[in-house]
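If you want the building blocks of each chain, they are given just below.
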Amino acid sequence: MSGPIFLQSACGATIPLPVRRWRAEASAGERRLLTGLEGPVLDIGCGPGRLVGALAEAGRPALGIDPSPTAVEEAAARGAPVLQRSVFGPLPAEGRWGSALLVDGNIGIGGDPVGLLRRVRDLLEPGGTAVVEVEPPGQASAILHVRVCRSGPIGPWFPWARVSSDHIAGLAIEARLDPGDLQRRRRRWFAWLKRP
Ligand SMILES: C[S@@+](CC[C@H](N)C(=O)[O-])C[C@H]1O[C@@H](n2cnc3c(N)ncnc32)[C@H](O)[C@@H]1O
């Protein structure tokens, strides 16, 4: 099968997956974002490892996790420190991470943003920060059932979510994280949430 890869939701919506960007090197803007993070940094759903790879290259303590064996292989091949794990399973240094990344739509993992943020809260050290990429203001939030497609479906249905900039603060409070800055960086939006 060929053609662009995307998520198809059970309600008919499609969400493009920018796999080429994920496989590329971190952009200058992403590297600037990484510079501002306190270490050690946990990159949750790191995919082929462009962000955790950039952190490692800069000599920063960091770990990427992803349950996909292919993603983990690609990340390891670029020299990124990575483990094949789910964010919901046991992880090293729980409660001691200075920062956690949920970017590229990864707030959608598990289809339960508050549950995921609660898990992230437990992974962070007190005062630690989660950086969460969100949809632009005015976009809807949604809990979805999706499957990966390329011409046709290439995997099973799984739960996913999209979170708008307008709703991240309320979800963070439900998860007992303190909402901080909401930053626009070019066309992307990032929320900074702190573990009290
Ligand atoms: C939208 S993609 C993000 C891609 C990634 N950030 C990159 O740079 O390639 C979602 C990623 O989350 C991973 N993922 C799915 N469920 C996960 C879980 N329970 N824990 C951690 N990662 C998960 C997927 O394997 C996938 O690589």
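Conventions adopted
Residues numbered from 1 in each chain as written. Predicted model: local features only at pLDDT ≥ 70, side-chain atom pairs only at ≥ 80, totals over all residues. Heavy atoms only, no water. Pairing = 2+ DSSP bridges. Helix = DSSP H or I, 4+ residues; strand = E, 2+ residues; numbered from the N terminus. Contact = heavy atoms within 4.5 Å. Axes fitted to C-alpha atoms, helices over the stretch in contact; angles between N-to-C directions. Near = heavy atom within 4 Å. Polar contact = N/O pair within 3.5 Å; in protein donor to acceptor, adjacent residues only side chain to side chain. Areas by Shrake-Rupley, 256 points an atom, 1.4 Å probe, with all protein chains shown as cover. Nonpolar A, V, L, I, M, F, W, Y, C, P; charged D, E, K, R; others polar. Salt bridge = Lys/Arg side-chain N within 4 Å of Asp/Glu carboxyl O. Buried < 20%, exposed > 50% of the residue type's maximum accessible area, 1.4 Å probe, protein only. Phe/Tyr/Trp six-rings, centres within 6.5 Å; stacked < 30°, edge-to-face > 60°. Right-handed = clockwise from strand over helix to strand, strands pointing away. Disulfide = S-S within 2.5 Å.

S.K.: Explanation requested: the sheet that holds strand S12 (residues 188–194) in the structure shown.
M.R.: Backbone hydrogen bonds are what pair the strands of a sheet, in a parallel or an antiparallel way. An order of S5-S4-S3-S6-S7-S12-S11 is seen for the 7 strands of this open sheet, with the pairing classed as mixed. Each edge of the sheet is formed by a strand with only one pairing partner; in this case those strands are strand S5 (82–83) and strand S11 (178–185). Direction of pairing for strand S3 (residues 41–44) relative to strand S4 (residues 62–65): parallel, over a ladder of 4 bridges. By the bridge assignment, valine 41 is partnered in S4 with alanine 62. Its contacts with the sheet put helix H5 (residues 113–123) on S3, strand S6 (97–102), strand S7 (124–134) and S12, and the angle it makes with S7 is roughly 145°.

S.K.: Can you help me understand the site of the ligand in this one?
M.R.: Taken together, 15 residues surround the ligand, and among them Pro48, Arg50, Asp66, Val87 and Asp104 come closest. Aspartate 66 has a polar side-chain atom sitting 2.6 Å from an oxygen atom of the ligand. Taking valine 87, its main chain carries an N or O atom lying 2.9 Å from a nitrogen atom of the ligand. Its free accessible area being 600 Å², the ligand has 83% of it covered by the protein chains. Here the residues of the shell around the ligand are counted per class, giving 7 nonpolar, 5 polar and 3 charged.

S.K.: Mind showing me how you'd approach the pairing of S11 here?
M.R.: Here is the key point about a regular strand: its side chains alternate between the two faces of the sheet. In the sheet, S11 pairs with S12 via 6 bridges, with the strands oriented antiparallel. Paired with arginine 184 across the bridge in S12 is tryptophan 189. Remark: 2 residues form the turn of the hairpin made by S11 and S12, two consecutive strands paired antiparallel; arginine 186 in that turn has positive phi of roughly 55°.

S.K.: Where do I start with the pattern of salt bridges in this structure?
M.R.: A side chain with one charge may pair with a side chain of the opposite charge, provided their charged atoms come close. Under the criterion given, the structure shown has 13 salt bridges. One salt bridge connects arginine 188 with glutamate 30, and the closest N-O pair in it is separated by 2.7 Å. Within this pair, whereas arginine 188 is found in strand S12, its partner glutamate 30 is found in helix H2 (residues 28–35), the two being separated by 158 residues in sequence. Judged by relative accessible area, which is 8%, glutamate 30 ranks as buried.

S.K.: Sorry if this is basic, but what is going on with the packing of aromatic side chains here?
M.R.: Taken as a whole, this structure holds 1 aromatic pair when the rule is applied. Judged by centre distance (6.0 Å) and plane angle (85°), the rings of phenylalanine 158 and tryptophan 160 are edge-to-face.

S.K.: Would you take a moment to explain unusual backbone geometry for this structure?
M.R.: For residues other than glycine, phi is negative in most cases, and the peptide bonds are mostly trans. Here the residue pair glycine 39 and proline 40 is connected by a cis peptide bond, since its omega of -10° sits within 30 degrees of zero. Positioned with a positive phi, arginine 186 is a non-glycine residue whose angle comes to about 55°.

S.K.: What is the right way to look at the pairing of S6 in this model?
M.R.: Judged by how many residues are buried, S6 sits mostly within the fold: 6 of 6 residues are covered. Relative to S6, S3 runs parallel, the two being bridged by 3 bridges. Residue pairing for S6: aspartate 43 is matched across the bridge by leucine 101. Considered for its hand, the β-α-β crossover made up of S6, H5 and S7 is right-handed.

S.K.: What am I meant to see in the state of the cysteines here?
M.R.: The bond known as a disulfide is covalent and runs between the sulfur atoms of two cysteines. Evaluated as defined, the whole model comprises 0 disulfides. Cysteine cysteine 11 is unpaired, with the sulfur of cysteine 149 as its nearest cysteine sulfur at 13 Å. Of the residues examined, cysteine 11 reaches a relative accessible area of 63% and is grouped as exposed. Assessed through its relative accessible area of 2%, cysteine 149 is described here as buried.

S.K.: Can you help me understand H5 in this one?
M.R.: The element H5 is largely enclosed, with a buried count of 8 among its 11 residues. Among all positions of H5, only Pro113, Val114, Leu116, Leu117, Arg119, Val120, Arg121 and Leu123 are buried.

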